[in-house]
Amino acid sequence: RPDVRTSDAAWLGASERSLRGVARDVAKAEHSASVASIATRRATNGAYYSIHFWFYSLLAVPFLGVSELVGAAPTRAFGVVNGLAAAGAALALWLHFRDGRLGFAAPILFVLAGTTFYLAWTGPEALTGAATVCACVLARRGKLGAGFVAGAVASLQNASAAALLPYVAWHGWLRRAPFGGVQRLLAGGALLLASLPYLFYYAHFRIPSLTARFATDPALISFARAWSFVFDLNQGLILGLPGVLLGLVSVVPLFVVQ
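Here is a short report on the structure shown in this document. (Residues numbered from 1 in each chain as written. Predicted model: local features only at pLDDT ≥ 70, side-chain atom pairs only at ≥ 80, totals over all residues. Heavy atoms only, no water.)

1. Some remarks on the overall build of the protein chain
Next up, step 1: A count of helical and extended segments in the protein chain gives 12 helices and three strands.
Next up, step 2: Counting all 258 residues of the protein chain, 35% fall into the buried class.
Next up, step 3: Approximately 15100 Å² of the protein chain is accessible, and the part contributed by carbon and sulfur atoms is 68%. (Helix = DSSP H or I, 4+ residues; strand = E, 2+ residues; numbered from the N terminus. Buried < 20%, exposed > 50% of the residue type's maximum accessible area, 1.4 Å probe, protein only. Areas by Shrake-Rupley, 256 points an atom, 1.4 Å probe, with all protein chains shown as cover.)

Written as structure tokens, this is what we have:
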């Protein structure tokens, strides 16, 4: 279920020791309407929902059942989702470039260019990155319907990824790609999928986005934050830069050597 309850917080605290602080905050928020949790917000119907849309968590549900059966930490379920998403993007790159020099290099470079850092996270970075790659590759191959769906999946956890939808449409127009019944059906489903977070939160909170309202602070836009975004050893881009540099060094010989 997407609504969060005290029993969920108790289960999380008992199952994952590193998240006990978050579990306590959620439990406090649900016991007192005046207390706000960083992870949840109270809707107009009195229920509590995650501040982030629940699609990514929904994908982890089947694997959560497996982790419960074997006694593994529930966070492992997200690792499986991340791994499958990365594998899907690597496969899409291989299928796209397999007749060229980048057939094996492109999937490897995708995995090495920062993706490995996010595989064990409980956040959707790996899924968003993989869906973005798939949307771009599918658009270039003229598979517009599937490209729209991949772009919609990316946008569910990262609103700016919605820019992939006009990108796919633009590539379809450039290629004069066929856009028949199945493609149109997939495109319509993708638009509905991309709209789900806004429809869901408007129905429950009367605002289209909880993150835009409660997790966006203009004061955080500063040089210090920009520096941290790149050089923070915890989650900064500096950890992915070696992979990017390796990619730049590797791509040149692939095109030069016959």
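After presenting the structure, the write-up continues.
2. As for the sheet that holds strand β1 (residues 3–4)
In a beta sheet, neighbouring strands are held together by backbone hydrogen bonds and run either parallel or antiparallel to one another.
Next up, step 1: Across the sheet, three strands lie side by side as β1-β3-β2; this open sheet has antiparallel pairing. Two strands in the sheet have a free side with no partner beyond their single neighbour: β1 and β2 (40–42).
Next up, step 2: Of the strand pairs in this sheet, β1 and strand β3 (residues 48–50) are connected by two bridges, and their pairing is antiparallel. Considered in β3, the bridge of D3 is made with Y49.
Next up, step 3: Helix-sheet contacts for helix α9 (residues 181–205) involve β2 and β3, and the interaxial angle to β3 is about 155 degrees. (Pairing = 2+ DSSP bridges. Contact = heavy atoms within 4.5 Å. Axes fitted to C-alpha atoms, helices over the stretch in contact; angles between N-to-C directions.)

3. Some thoughts on the nonpolar core
Next up, step 1: Formed by 51 residues in total, the largest nonpolar core has its most connected members in F110, F148 and F205.
Next up, step 2: For this core, the secondary structure elements donating two or more residues are α3 (55–70), α4 (75–97), α5 (105–118), α6 (125–140), α7 (144–157), α8 (164–175) and α9.
Next up, step 3: The greatest single-element share of this core, amounting to nine residues, is contributed by α6.
Next up, step 4: If near-sequence neighbours (up to four positions away) are discounted, F148 is found in contact with L165, V168, A169, F179, A187 and A190. (Core = buried A, V, L, I, M, F, W, Y, C linked by side-chain atoms within 4.5 Å.)

4. A look at α8
Next up, step 1: Here α8 is 12 residues long and its end C-alpha atoms lie 16 Å apart, about the 16 Å a rise of 1.5 Å per residue gives.
Next up, step 2: Looking only at α8, the buried set comprises L164, L165, V168, H171 and G172. The buried residues of α8 occupy an angular sector of 125 degrees when projected down its axis, which confines them to one face. Of the exposed residues in α8, the ones pointing more than 90 degrees away from its buried face are P166 and W173. (Expected span 1.5 Å × (residues − 1). Arc of directions from axis to C-beta.)

5. Quick notes on the side chain of S155
Next up, step 1: Structurally, S155 is set in helix α7.
Next up, step 2: Contacts of S155, omitting those with residues within four sequence positions, involve A161, A162 and A194.

6. Concerning the packing of α7 against α8
For any two helices packed against each other, the geometry comes down to the angle between their axes and how far apart the axes lie.
Next up, step 1: The contact between α7 and α8 brings their axes to 8 Å, and the two run at 165 degrees. Classified by the angle between their axes, α7 and α8 sit roughly antiparallel to one another. Considering how the two elements wind past one another, α7 and α8 form a crossing that is right-handed. Counted together, L144, G147, F148, G151, A152 and A154 of α7 and L164, L165, V168, A169 and G172 of α8 form the full contact between these two elements.
Next up, step 2: The residue makeup of the contact of α7 with α8, split by class, is eight nonpolar, three polar and no charged. (Parallel < 35°, antiparallel > 145°, perpendicular 65-115°, else oblique. Left-handed = near helix turned anticlockwise from the far one by under 90°. Nonpolar A, V, L, I, M, F, W, Y, C, P; charged D, E, K, R; others polar.)

7. Focus: the environment of A27
Next up, step 1: In this fold, A27 is placed in helix α2 (residues 20–31).
Next up, step 2: A relative accessible area of 18% means that A27 is categorised as buried.
Next up, step 3: In sequence terms A27 and D8 are 19 residues apart; their C-alpha atoms lie 8.8 Å from each other.

8. A look at the packing of α4 against α6
Next up, step 1: For the pair α4 and α6, interaxial distance at closest approach is 8 Å and the crossing angle is 20 degrees. Judged by the angle between their axes, α4 and α6 are roughly parallel. Seen along the crossing, α4 lies across α6 with a hand that is left-handed. Along its contact with α4, which presents N82, A85, A86, G88, A89, A92, L93 and H96, the element α6 presents A126, L127, A130, V133, C134, V137 and R140.
Next up, step 2: Across the contact of α4 with α6, the residue classes break down as 11 nonpolar, three polar and one charged.

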